[in-house]
Amino acid sequence: MPPSEQGRARRLLDDCFLHDKDRMRHHEALDLLKNRLAPLADSETLPLDQAAGRILAENVLSRRNVPPADNSAVDGYAFAHADYLAKDGHLPVTARIAAGDAPAGPLEAGSAVRIFTGATMPDGADTVAMQEDCRSQDDGGAVTIPPGLKPGANRRKAGEDLRQGDTIATAATLLTPQHIASIASAGFGEIPVFGRLRIALVSGGNELVEPGNPARDGQIYDTNRHMLKALLAGMPVEVSDLGILPDDPAIIGKTLSGAAQGHHAIISSGGTSRGEEDHIVATLDGIGKRHLWQLAVKPGRPMSFGQIDDCVFFGLPGNPVACMVCFLLYIRPALLRLGGADWQEPMRFPLPAGFDIAKKKSGRREFWRGKVEHDDNGKPRLEKFARDGSGLISGLWQSGGLIEVGEDVTAVSQGDLLDFIPWSEFGI
Ligand code: AMP
Ligand code: MG
């Protein structure tokens, strides 16, 4: 750890009433995660159909030209444009070529061939006329093609999509269905990807009960573990569910030490602040190393990041909204990085605010639940979920994403441009 960070870590430890200016800022936390985390996952070869959502382990270069040969984009007639001009569009039809036919011989000089979509163009033909525009004559023995066709019309050139040797995707790419399409078109039946990260998931709190069971007064249903499992379901990870832990430092210590063997990362929620019943931070300090704890971010102040032996540890806030926001902003990209991917930054869409906020604390970055609405003229504007509480879980599905408000902002007026991050930017 560089000396500046050691100083910061010690100060964070000693002061339980940190001012926002002493907490780590959003971009500092991202930089720390980006710089500290390197891929941990091994690679494996997978059938193409199992590779979407996985992270590519090697560059994939096209094995062939796509398409492999010039071919017709329509059903119609193929010919040489020079013949079409010379013969005023009246050409004898001397062959028929359908998609998948073995390459025909060269075009007979001064003639056309009947051709269908995807069929390879005969040598000598460079242009295709759509059948709807042509008049077949002599029982199909000749065709009249209307004037005005440009050379090369309706012809797809060999290699116009991919040339042999072109890079389709580089190592560290998170594979989308779009990549799978191109990789399939280049002929690969299997590809090298990083293996799934092994993640241990745990909730902490004496008040928590597993959904599906009766709850007595004072108990609440464990929300975070199920929300996190659903968030992780779309990622290249394999989750071990360690259930709910009581607020008992001995049990927490034993469980986390055990989980650190055999998992690449542990994700816990709850118990990460400074209260008497919060044991995550002290446990982490006892059995591992802490690299980050307090963030100048709302929601989400207490978020811990550290390691227990070689296992990465993430301690999320207990409030479900803060838990989800911190997962999406910090842990999702961190897990993808550990899994072999490039750092994933969500796209921000600047949109005018449709609301006023008289006062916002400076020095702190805030992420408000919000959604896009349209005014009477159809213009989009941002609306903010009315209540801020970090425990208001229903605000998560009533919103379409997060409105990001920077540290320097102290008020918002209608019409101010604010950055919106739709949930879809986090793959959900
Ligand atoms: P803590 O971080 O443990 O102080 O928890 C903060 C708030 O989040 C408390 O109201 C907890 O009851 C609540 N909480 C903690 N863990 C969970 C969980 N897994 N599901 C739902 N609420 C939780
Ligand atoms: Mg608690």
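Residues numbered from 1 in each chain as written. Chains lettered and ligands numbered in written order. Predicted model: local features only at pLDDT ≥ 70, side-chain atom pairs only at ≥ 80, totals over all residues. Heavy atoms only, no water.

Asker: Which parts of the structure should I look at to understand unusual backbone geometry?
Answerer: Excluding glycine, residues mostly have negative phi values, and the peptide bonds linking residues are mostly trans. Omega for the bond connecting V66 with P67 falls within 30 degrees of zero, at -10 degrees, which places this linkage in the cis form. The linkage connecting K298 with the following residue, P299, adopts the cis geometry, with an omega of 0 degrees. With respect to the helices and strands, the residue P299 is situated in the loop between β19 (297–298) and β20 (302–308). If you check the backbone angles, D88 has positive phi at about 55 degrees while not being a glycine. Relative to the elements of secondary structure, D88 occurs in the loop between α3 (81–86) and β5 (90–97). (Helix = DSSP H or I, 4+ residues; strand = E, 2+ residues; numbered from the N terminus.)

Asker: Honestly, the site of ligand 1 in this entry has me stumped. Any pointers?
Answerer: Surrounding ligand 1, one finds 15 residues, the nearest of these being E207, D222, T223, G271 and G318. T223 is positioned such that a nitrogen or oxygen atom in its backbone is 3.0 Å from a nitrogen atom of ligand 1. At 3.2 Å, a backbone N or O of G318 approaches an oxygen atom of ligand 1. Here ligand 1 has 480 Å² of accessible area as a free molecule, and 77% of this is covered by the chains. Of the residues belonging to the shell around ligand 1, the class tally is four nonpolar, eight polar and three charged. (Near = heavy atom within 4 Å. Polar contact = N/O pair within 3.5 Å; in protein donor to acceptor, adjacent residues only side chain to side chain. Areas by Shrake-Rupley, 256 points an atom, 1.4 Å probe, with all protein chains shown as cover. Nonpolar A, V, L, I, M, F, W, Y, C, P; charged D, E, K, R; others polar.)

Asker: Whenever I open this one, helix α4 (residues 177–185) confuses me. Can you help?
Answerer: For an α-helix the count is 3.6 residues per turn, leaving residues at separations of three or four pointing the same way. For α4, the complete set of buried residues consists of I180, S182 and I183. Angularly, the buried residues of α4 cover 165 degrees about the axis, an arc narrow enough to put them on a single face. Facing away from the buried side of α4 by more than 90 degrees, the exposed set consists of P177 and Q178. On its buried face, α4 sits against β2 (60–61), β11 (167–169) and β12 (190–194). Phi for G187, located one or two positions after α4, is positive at around 100 degrees. (Buried < 20%, exposed > 50% of the residue type's maximum accessible area, 1.4 Å probe, protein only. Arc of directions from axis to C-beta. Contact = heavy atoms within 4.5 Å.)

The analysis is restricted to geometry; functional conclusions fall outside its scope.
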